[in-house]
Amino acid sequence: MSGLKIVGLSGGLSVPSRTLSLVELTVGRIADAARVAGLANTTEVVDIAALEEIGGLRARPGSPAVEAALTAVEGADLLIAGSPVYKGSYSGLFKHFVDFLDYRGLIGLPVALLATGGSDRHALAIEHQLRPLFAFFQAQPLGTGIFFTERDFGNGEITPGASQQRFEQLVDEAVRALAGARRGERNAKATAA
Ligand SMILES: Cc1cc2nc3c(=O)[nH]c(=O)nc-3n(C[C@H](O)[C@H](O)[C@H](O)COP(=O)(O)O)c2cc1C
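**Some details on the packing of aromatic side chains**
On inspection of all chains with the given rule, the structure shows 3 aromatic pairs. Ring centres of Tyr 90 and Phe 94 lie 6.0 Å apart, and the angle between their planes is 40 degrees; on these two criteria the pair is classed as tilted. Tyr 90 gets classed as buried once you look at its relative accessible area, which sits at 19%. Consider the rings of Phe 134 and Phe 137, whose centres lie 6.4 Å apart with planes at 40 degrees: the pair is tilted. For Phe 134, a relative accessible area of 0% puts it in the buried group. Through pairs of rings, three or more aromatic residues link up here, namely Phe 134, Phe 136 and Phe 137.

Written out as structure tokens, the structure is:
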């Protein structure tokens, strides 16, 4: 099926990774909600840790698999970017991948920001770390970001209540952003930049 392209990006290192699992869940939920809203879409999830040659990447072009992952992100209509919080910020692996994205490749791109962490003390890593990183690219992070500890997202399911509500809010915002992408708002912004 053609249509809008929803791409997930996970900077989790663990196997299994709670971050990857949250990114996959979010991509799937947004894709379903978008279809209900009449927005045909395709999905892809990039698990950075699974890219064997990523550690050796020094310049583009990288290996075919790494290039395919980078161009998937650059070609997205909506990006769901997730990282575990490491030392108060995104993982080094996540940043290493992002460092090789074309600096013009994400202009106007709606981005859903996700992070997983061990403690609520670092919930603002979304606002202080991930949001400025995507501001560099002139991307358009959604207003709602998600920071989940094991209490919010355990065993692959979101805990009912406030965590679930926040998640649904992010899904709604993402679908609205996708509707804007279909109208070509991103391209208009990119042309104007
Ligand atoms: C090296 C390392 C550093 C971490 N630093 C933090 C931190 O600063 N703040 C926090 O809340 N959690 C921290 N954590 C916990 C992880 O963010 C948390 O377990 C996360 O959900 C792991 O995601 P993953 O399963 O995708 O690897 C750290 C974990 C590791 C391994």
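**With respect to the site of the ligand**
Looking at the ligand, there are 16 residues lining it, with Ser 14, Ser 17, Thr 19, Val 85 and His 122 nearest. A distance of 2.9 Å is found between an oxygen atom of the ligand and a backbone nitrogen or oxygen belonging to Gly 88. The contact in question runs from an oxygen atom of the ligand to an N or O atom on the backbone of Ser 119, over 3.2 Å. Out of a free accessible area of 640 Å², the ligand has 72% covered by protein chains. By residue class, the composition of the shell around the ligand is 4 nonpolar, 10 polar and 2 charged.

**Re the environment of Thr 42**
Take Thr 42: it is sitting in strand β2 (residues 41-47). Given the relative accessible area of 27%, Thr 42 is considered partly exposed. Taking the C-alpha atoms as reference, Thr 42 lies 9.9 Å from Ala 76; in sequence the two are 34 residues apart.

**Focus: the pattern of salt bridges**
Summed over the entire model, instances satisfying the criterion amount to 10 salt bridges. Between Glu 168 and Arg 29 there is a salt bridge; the shortest N-O distance is 2.5 Å. Within this pair, whereas Glu 168 is found in helix α5 (residues 162-182), its partner Arg 29 is found in helix α1 (residues 18-36), the two being separated by 139 residues in sequence. A relative accessible area of 28% means that Glu 168 is categorised as partly exposed. A residue is classified by how much of its surface remains accessible, and Arg 29, at 29% relative accessible area, is partly exposed. Note that Asp 120 and Arg 151 form a salt bridge whose closest N and O atoms lie 2.9 Å from each other. With a gap of 31 residues between them, Asp 120 in the loop between β4 (110-116) and α4 (125-136) and Arg 151 in the loop between β6 (146-148) and β7 (153-154) connect regions that are remote in the sequence. For Asp 120, a relative accessible area of 40% puts it in the partly exposed group.

Definitions and limits used
- Residues numbered from 1 in each chain as written.
- Predicted model: local features only at pLDDT ≥ 70, side-chain atom pairs only at ≥ 80, totals over all residues.
- Heavy atoms only, no water.
- Phe/Tyr/Trp six-rings, centres within 6.5 Å; stacked < 30°, edge-to-face > 60°.
- Buried < 20%, exposed > 50% of the residue type's maximum accessible area, 1.4 Å probe, protein only.
- Near = heavy atom within 4 Å.
- Polar contact = N/O pair within 3.5 Å; in protein donor to acceptor, adjacent residues only side chain to side chain.
- Areas by Shrake-Rupley, 256 points an atom, 1.4 Å probe, with all protein chains shown as cover.
- Nonpolar A, V, L, I, M, F, W, Y, C, P; charged D, E, K, R; others polar.
- Helix = DSSP H or I, 4+ residues; strand = E, 2+ residues; numbered from the N terminus.
- Salt bridge = Lys/Arg side-chain N within 4 Å of Asp/Glu carboxyl O.

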